[in-house]
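# Descriptive analysis of the structure
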There are 2 protein chains.
Amino acid sequence: MDALQFPPSKSTFLQPYTPRHDSNNDLPYTTLTFATSLDSSLALSPGTRTVLSGPESKSMTHYLRSRHDAILIGVGTVVADNPGLNCRIEGVGGYGGEGLQGQPRPIVLDPSARWEFNEESKILILAREGRGRAPWIISGSGASISKEKRDRLERHGGKFISLDIAETKEFSWSDLLRCLKREGLQSVMIEGGGSVINSLLEPRFQHLVNSVIITIAPTWLGQGGVIVSPKRRFDETGTAIAASRLKDVQWHPFGEDVVLCGRIGQ
Amino acid sequence: MDALQFPPSKSTFLQPYTPRHDSNNDLPYTTLTFATSLDSSLALSPGTRTVLSGPESKSMTHYLRSRHDAILIGVGTVVADNPGLNCRIEGVGGYGGEGLQGQPRPIVLDPSARWEFNEESKILILAREGRGRAPWIISGSGASISKEKRDRLERHGGKFISLDIAETKEFSWSDLLRCLKREGLQSVMIEGGGSVINSLLEPRFQHLVNSVIITIAPTWLGQGGVIVSPKRRFDETGTAIAASRLKDVQWHPFGEDVVLCGRIGQ
């Protein structure tokens, strides 16, 4: 069993940035988490899985997954990486714990329902083995989904959720997050990829992010990678200003990497 | 007098990354230093001076200047910022110390000698006041420089240095650094701007960098800024690989920012 350890001593600095459940809010608690290079790149090129951070950061990611009801990821990353999207921290369900306790729900944003999962998709293998939850796939209300596809997902315990999309072919982040809260998810960890992260960091959406936890590795991937950089923001005179600034900032060296925790400022 | 303090307790972590003089080497010790945003941006747009890091980082920059014989900067930044390029740490020459002791020599890379400095340029004012050294301007051997311009610079204690440039209109970094060493400069702190930094981080030049000291501020400037990201590198099969990775890495939280110290790895 490939369980990961994450000792409590290492998790202390993360506590202020992990979810507090608030049943009075119609939005879930959201944590934006990703690993970049010094040149703010997630990967060497779109569709290339690039290992950036060390083993400690990997354990941290799995620890954070255990603290959230759901993990959210864009379909591009799912297609490129065939990820497991479960939690492998020792003691959660499937890794020494009862049932699926502590396993987050994978949420895949797939507006056109293009993800062609099958029995060999890692995420469904893990669901069959009782090591993770089957995904919920959020697709646009106009997407066409075969009965076979829908049945396969439901047999594993997952489902399609239909949501209206705008003419821009994008979901409204607030509609989407409200939908997840209605479905009973109190907290969502948003892991990527580039399009999802850049969209959520846009000035008009970033207020929907409660915490940001970023791992930075001491490497430059170089020009042409998948870059995290939000759209520009302008003040009332039309002058460019910083797109976003974090507040309540903590930096925590972590092996060769650094972990940055913060909240979106104003 | 606007002198800055930088207590020894704060400088300890920088010591392994500051110059060791080596008179047997025909190259000076080089430190690459700059401040970026999380999206690896130096400024909101070319020619815009953007304050990224806090007052502690400013003091650190001036402390590092006091530890180098020279500060090197590209002409674009000099034209855009009208910088002083001196050292304001309490105790150096002009700020409580003798003569110009501890003041680094400003080196301006200006291949076509386009910088139109005058008596009111901050760097010349500081030279006249005994608060900094006059610049040495490195220009291409074909550049045309008026006698008046040359005289003005020399009256302040500076000079033009002529260096051959390639057809690409760029200096050869090794020629340039060797030239500075021959001129008696044992250590050079390279501060920017974007073109200088990206050029020096290219795979073919980065071995000329001895230390890297980067301040990262917890902000995203947004798309369209002046980005630090080297050219891509490829392995023997033509696959993109990381352009560079630092070794001997130390991260040091510094107010709201983090300071990364490292050396160029292989």
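Residues numbered from 1 in each chain as written. Chains lettered and ligands numbered in written order. Predicted model: local features only at pLDDT ≥ 70, side-chain atom pairs only at ≥ 80, totals over all residues. Heavy atoms only, no water.

Under an unreviewed UniProt entry, the name given to chain A is 2,5-diamino-6-ribosylamino-4(3H)-pyrimidinone 5'-phosphate reductase, and the organism recorded is Aspergillus puulaauensis. Turning to chain A, the UniProt annotation filed under Function (unreviewed entry) states: "Catalyzes an early step in riboflavin biosynthesis, the NADPH-dependent reduction of the ribose side chain of 2,5-diamino-6-ribosylamino-4(3H)-pyrimidinone 5'-phosphate, yielding 2,5-diamino-6-ribitylamino-4(3H)-pyrimidinone 5'-phosphate." (UniProt positions renumbered as here; feature names shortened; annotations may be inferred.)

### Some thoughts on the sheet that holds strand E12 (residues 257-264) of chain B
The ten strands lie next to each other as E8(A)-E11(B)-E12(B)-E7(B)-E1(B)-E6(B)-E2(B)-E3(B)-E4(B)-E5(B), forming an open sheet whose pairing is mixed. Across the chains shown, the open sheet's two edge strands, defined by having one partner strand only, are strand E8 (219-220) of chain A together with strand E5 (159-163) of chain B. Contacting strand E1 (29-36), strand E2 (70-74), strand E6 (187-192), strand E7 (211-216), strand E11 (244-254) and E12 of chain B, helix H2 (residues 55-66) of chain B crosses the sheet at an angle of about 145° to E6(B). Sheet strands in contact with helix H6 (residues 173-182) of chain B are E1, E2, strand E3 (105-109), strand E4 (136-140), E5 and E6 of chain B, and its direction is about 140° off that of E5(B). (Pairing = 2+ DSSP bridges. Helix = DSSP H or I, 4+ residues; strand = E, 2+ residues; numbered from the N terminus. Contact = heavy atoms within 4.5 Å. Axes fitted to C-alpha atoms, helices over the stretch in contact; angles between N-to-C directions.)

### Examining the side chain of A:His68
Residue and element names in this part refer to chain A. Mapped onto the secondary structure, His68 falls in the loop between helix H2 (55-66) and strand E2 (70-74). Classification of His68 as buried rests on a relative accessible area of 3%. Engagement of the side chain of His68 in a polar contact is seen with the side chain of Thr31, the distance being 2.7 Å. If near-sequence neighbours (up to four positions away) are discounted, His68 is found in contact with Pro19, Thr31, Pro104, Ser187, Val188 and Met189. (Buried < 20%, exposed > 50% of the residue type's maximum accessible area, 1.4 Å probe, protein only. Polar contact = N/O pair within 3.5 Å; in protein donor to acceptor, adjacent residues only side chain to side chain.)

### What about the nonpolar core?
Nonpolar side chains in soluble globular proteins generally cluster together in the buried interior. Formed by 84 residues in total, the largest nonpolar core has its most connected members in A:Leu72, A:Trp220, B:Leu72 and B:Trp220. Ignoring anything within four residues of it in the chain, the contact list for A:Leu72 reads A:Ile107, A:Leu109, A:Trp173, A:Leu176, A:Leu180, A:Val188, A:Met189, A:Ile190, A:Glu191, A:Gly192 and A:Val196. (Core = buried A, V, L, I, M, F, W, Y, C linked by side-chain atoms within 4.5 Å.)

### Thoughts on the environment of A:Ala242
One can find A:Ala242 in the loop between strand E10 (240-241) and strand E11 (244-254). The spacing of A:Ala242 and A:Leu27 is 215 residues in sequence and 26 Å in space, taken between C-alpha atoms. What A:Ala242 contacts, discounting residues up to four positions off in sequence, is A:Arg233, B:Leu44, B:Thr219, B:Trp220 and B:Leu221.

### Quick notes on helix H5 (residues 147-155) of chain A
Along an α-helix, residues three or four positions apart point the same way, because every turn accommodates 3.6 residues. Residues and elements named next belong to chain A. Residues Lys149, Arg152 and Leu153 constitute the buried set of H5. The buried residues of H5 occupy an angular sector of 95° when the element is viewed end-on, so they sit on one face. When the buried face of H5 is taken as reference, the exposed residues oriented beyond 90 degrees from it are Lys147, Glu148 and Arg155. Positive phi shows up at Gly157, right after H5, with a value of about 100°. (Arc of directions from axis to C-beta.)

### Things to note about the state of the cysteines
Residues and elements named next belong to chain B. The tally for this structure, following the rule as stated, stands at zero disulfides over all chains. Unpaired in this structure, Cys261 has its nearest cysteine sulfur neighbour in Cys87, at a distance of 17 Å. Owing to a relative accessible area of 0%, Cys261 belongs among the buried residues under this scheme. (Disulfide = S-S within 2.5 Å.)

### Things to note about the sheet that holds E11(A)
As summarised here, the arrangement of the ten strands in space is E5(A)-E4(A)-E3(A)-E2(A)-E6(A)-E1(A)-E7(A)-E12(A)-E11(A)-E8(B), forming an open sheet in which the pairing is mixed. Looking at which strands have only one partner, the edges of the open sheet turn out to be strand E5 (159-163) of chain A together with strand E8 (219-220) of chain B. Sheet topology places strand E1 (residues 29-36) of chain A next to strand E7 (residues 211-216) of chain A; six bridges connect them, and they run parallel. Across the sheet, residue A:Phe34 finds its bridge partner in E7(A), namely A:Ile214. Strands E1, E2, strand E6 (187-192), E7, E11 and strand E12 (257-264) of chain A of the sheet are contacted by H2(A), whose axis makes an angle of about 145° with E6(A). Relative to the sheet, H5(A) contacts strand E4 (136-140) and E5 of chain A, its axis offset from that of E5(A) by approximately 120°.

### So, H2(B)
Between the first and last C-alpha of H2(B) there are 17 Å, a value that for twelve residues agrees with the 16 Å anticipated at 1.5 Å per step. Those residues of H2(B) that fall on the buried side of the exposure criterion are B:Ser57, B:Ser59, B:Met60, B:Thr61, B:His62, B:Tyr63, B:Leu64 and B:Arg65. (Expected span 1.5 Å × (residues − 1).)

### Focus: the pattern of salt bridges
Scanning the entire structure with this criterion turns up 28 salt bridges over all chains. For the salt bridge of A:Lys159 with A:Glu183, the shortest nitrogen-to-oxygen distance reads 2.8 Å. Here A:Lys159 is found in strand E5, whereas its partner A:Glu183 is found in the loop between helix H6 (173-182) and E6, with 24 residues between them in sequence. You can call A:Glu183 partly exposed: its relative accessible area is 30%. Notably, a salt bridge pairs B:Arg88 with B:Asp2, separated by 3.5 Å at the nearest N-O pair. Of this pair, B:Arg88 sits in the loop between helix H3 (75-81) and E3 while B:Asp2 sits in the segment before helix H1 (8-11); the two residues are 86 residues apart in sequence, bridging distant segments of the chain. By relative accessible area, B:Arg88 is classed as buried at 14%. (Salt bridge = Lys/Arg side-chain N within 4 Å of Asp/Glu carboxyl O.)

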